[in-house]
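Next come the chains, spelled out residue by residue.
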Amino acid sequence: MPETGAPAGAPRSQRFGSGGQRARGGASDGSGASGREAPLYGALDLGTNNCRLLIARPARDGFRVVDSFSRIVRLGEGLSRTGRLDDAAMERAYEALVLCGERVARKGVESARLMAVATQACRQADNGAAFIERVREGTGLRLRIIDPVEEARLSVEGCLNLFDDTAEAVLVVDVGGGSTELSWLKRTGDRFVLEGWMSAPIGVVTLAERHPEPIGAGSAAIDGWYEAMVADMGDALSRAPVDPALREVFAAGRAHLVGTSGAITSLAGIHLRLSRYQRNLVDGLWMTRGDCENAAERLIQLGPAGRAAESCIGPDRADLVLAGAAIMEAVQRAWPSERVRVADRGLREGLLLQKMREERRPRRRRRRR
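Only a predicted model underlies this, so the values are computations on that prediction, with no experimental measurement involved.

Colleague: Explain empty space enclosed by the protein to me, using residue names and the numbers behind them.
Modeller: The space that makes up the largest cavity amounts to roughly 480 Å³. Forming the boundary of the largest cavity are 32 residues, of which Asn50, Arg52, Asp174, Val175 and Ser261 lie nearest the centre. Elements that contribute at least two residues to the lining of the largest cavity include exactly strand S3 (50-59), helix H5 (148-159), strand S7 (169-175), helix H9 (262-272) and helix H13 (347-360). For the lining of the largest cavity, the residue count by class is six nonpolar, 16 polar and ten charged. Taken as a whole, the second largest cavity spans an internal volume of roughly 40 Å³.

Okay, structure coming up:
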């Protein structure tokens, strides 16, 4: 979106604290650093669909965003068919990364405080590692390909202060271009504990390529196309590695979803009928399941040209936004929850918080012999 500013063997006892103050930029932390004296940190996320950069400064209530950048690059275009990154897709991503490198240099972010990661497209592609090396040689940016476990953990970290403290459980849904990470957390005392996690190999790019929109078809064919996408994602969700009893907590209204991606922020923009995307109105918004379904229906009725004309969608996302809506609908059917909280934050914020916390932690002194 435009910007204005666990698997088998995963540790079930991993804790994600939900306390802390709310911070601008989507952070919840207790940093004592503030003002112009605090150093700058950067977080760069090269995904299957987007290349995004966030530069921020630690603050007492988390961090303050100094600069941000987002560009749709579609790095994973055609990857599901060929198993390789396409030459044109790599050029688009490379050009965006050059711009990110220039912003980082202009702001004076030290290399040790820049966390740059790549996700599903580079994980999956046979030539993903080679592209990362090309980026290092050409731009100086050192991207690290992270696994789905770390990707999900960082997304949760970035969304913690959107959890309803009265909820018994939360499901964080991070819809990417090539995969969707889902993290189920259950309240234990004053914290949320990871109960289960999965990475579904379906994202907005892969789903849209698998189910091309039937242009000019009648309403019945359009409805069938959309339902086929929902069913595709629903099949993947049927293998969720969590206790089925947890689903009853959601069905009883004692849990909620958190959506972190363009999939849910696009629905929020349509729901609010925004003439332009406004992060301050979208981030943290509560939507009902009915709100999401109505927004998806409106997107269907708009058609490709109408969606491209929407300022909250635009031509670059017009053919992907309904795939995102279908993924969210499949999740809501599998894990029924009347409430979903919209997060225009996630992995980058998690990277920033993690690094700031590491540098704030006092170093242990060696004992003198």
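Colleague: How would you summarise H9 if you had to cite specific residues and measurements?
Modeller: Along an α-helix, residues three or four positions apart point the same way, because every turn accommodates 3.6 residues. Of all eleven residues making up H9, nine are buried, and the element is well covered by its neighbours. Listing the buried residues of H9 in full gives Gly262, Ala263, Ile264, Thr265, Ser266, Leu267, Ala268, Gly269 and Ile270. Just downstream of H9 lies Arg273, where phi reads positive at about 55 degrees.

Colleague: Quick one: what's the story with the environment of Glu168, residue by residue and with numbers?
Modeller: Secondary-structure assignment places Glu168 in the loop between H5 and S7. Every residue in contact with Glu168, bar those within four places of it in the chain, is listed here: Leu185, Lys186, Arg187, Phe192, Val249 and Arg254. Within polar-contact distance, the side chain of Glu168 engages the side chain of Arg254 at 2.8 Å.

Procedures and definitions
Residues numbered from 1 in each chain as written. Predicted model: local features only at pLDDT ≥ 70, side-chain atom pairs only at ≥ 80, totals over all residues. Heavy atoms only, no water. 1 Å grid on protein atoms, 1.4 Å probe; cavity = no way out; pocket = protein on both sides within 12 Å on 5 of 7 lines; lining within 4 Å. Points joined across faces, edges and corners; volume = space filled by probe spheres on them. Helix = DSSP H or I, 4+ residues; strand = E, 2+ residues; numbered from the N terminus. Nonpolar A, V, L, I, M, F, W, Y, C, P; charged D, E, K, R; others polar. Buried < 20%, exposed > 50% of the residue type's maximum accessible area, 1.4 Å probe, protein only. Contact = heavy atoms within 4.5 Å. Polar contact = N/O pair within 3.5 Å; in protein donor to acceptor, adjacent residues only side chain to side chain.

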